[in-house]
Amino acid sequence: MPTKTEQLKKIKDEVLALEESPLYAYRTENKYFPVIGEGSHDAKIMFVGEAPGRNEAQSGRPFFGAAGKVLDELLAHVGIERKDVYITNIVKDRPQQNRDPLPEEIKIYGPFLDRQIDIIQPKVIATLGRYSMDYIMRKFNLNAELQPISKAHGKLFDAEASYGPIKIAVLYHPAVAIYDNKKIPEMKKDFEILKGLDK
Ligand code: URA
């Protein structure tokens, strides 16, 4: 059985060679990197964002720009360290002009996220933003519980993963605070549902 690190490396190699992706040419023309994910391979909590922005595509690291600073502030608020969690996105390559991910992009990259979940086997998946909420809740048969993120944020849902019980934590995307700084207190309160779940 290959180790978790070997299995995750295989995902990286496959995404690097994913010429059939609609974002492949944009990545290579700009000398961008795909952003696979980073953090503990034994993380109890996995954060799932939408797609890399420019800073992320230039560095190959998730949440490495302005939204990443907000994420760090939210994590610090609940005493969770980046190194103890795993952070990834649904879409592994940067969409042009940071536009929202398209259905065909979610379709091509989603299976890589599914594999990352099965490899890392987190106890909690924290969704960042509505695309991630939508993808993860549907994946775990929570369609009936789907609500607009303005209603669902800050809630925890119980679900069943292939490897056992799992909780889904619905959170606003950190970039929300870049456009509306007044949202920070509410976002911090939402993050409190994660308190202690990283251990
Ligand atoms: N926004 C995301 O959804 N993911 C990142 O990695 C950075 C910004």
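From a predicted model like this one, the values you see are computed outputs, not experimental measurements.

J.: Any chance you could explain the pairing of strand 4 (residues 124-128) here in plain terms?
T.: Two faces belong to every sheet, and in a regular strand the side chains alternate between them. Judged by how many residues are buried, strand 4 sits mostly within the fold: five of five residues are covered. Neither face of strand 4 is exposed, since V124, A126 and L128 on one face and I125 and T127 on the opposite face are all buried. Here strand 4 pairs with strand 6 (residues 164-171) via five bridges, running parallel. From the neighbouring strand, V124 faces strand 6, where its bridge partner is K167.

J.: It is not clear to me how the sheet that holds strand 2 (residues 45-49) should be interpreted in this structure. Could you clarify?
T.: Working definition: the strands of a sheet are paired by backbone hydrogen bonds and lie parallel or antiparallel to each other. Across the sheet, which stays open at both edges, the six strands sit in the order 1-3-2-4-6-5 with mixed pairing between neighbours. Each of the sheet's edge strands pairs with one partner strand only, and the pair in question is strand 1 (38-39) and strand 5 (156-161). For strand 1 and strand 3 (residues 86-89), the ladder comprises two bridges, and the chain directions are antiparallel. Paired with G39 across the two strands is Y86, which belongs to strand 3. Where helix 6 (residues 130-139) meets the sheet, it contacts strand 2, strand 4, strand 5 and strand 6, and its direction lies at approximately 145 degrees from that of strand 4.

J.: What exactly am I supposed to notice about the nonpolar core here?
T.: If you look at soluble globular proteins, the nonpolar side chains tend to sit buried side by side. In this structure, F47, F140, I168, F191 and L194 are the most contacted members of the largest nonpolar core, which totals 58 residues. Of all the elements, helix 5 (residues 103-120) adds the most residues to this core, at seven residues. For F47, the residues in contact, after removing those within four places along its chain, are L75, V85, Y86, I87, T88, A126, L128, L171, F191 and L194.

J.: Is there a simple way to explain unusual backbone geometry in this structure?
T.: A negative phi angle is the norm for most residues apart from glycine, just as the trans form is the norm for most peptide bonds. If you check the backbone angles, F63 has positive phi at about 45 degrees while not being a glycine. Relative to the elements of secondary structure, F63 occurs in the loop between helix 3 (54-59) and helix 4 (66-77). Positive phi, close to 55 degrees, is recorded for N141, a residue that is not glycine. Mapping N141 onto the fold places it in the loop between helix 6 and helix 7 (149-152).

What counts and how
- Residues numbered from 1 in each chain as written.
- Predicted model: local features only at pLDDT ≥ 70, side-chain atom pairs only at ≥ 80, totals over all residues.
- Heavy atoms only, no water.
- Buried < 20%, exposed > 50% of the residue type's maximum accessible area, 1.4 Å probe, protein only.
- Helix = DSSP H or I, 4+ residues; strand = E, 2+ residues; numbered from the N terminus.
- Pairing = 2+ DSSP bridges.
- Contact = heavy atoms within 4.5 Å.
- Axes fitted to C-alpha atoms, helices over the stretch in contact; angles between N-to-C directions.
- Core = buried A, V, L, I, M, F, W, Y, C linked by side-chain atoms within 4.5 Å.

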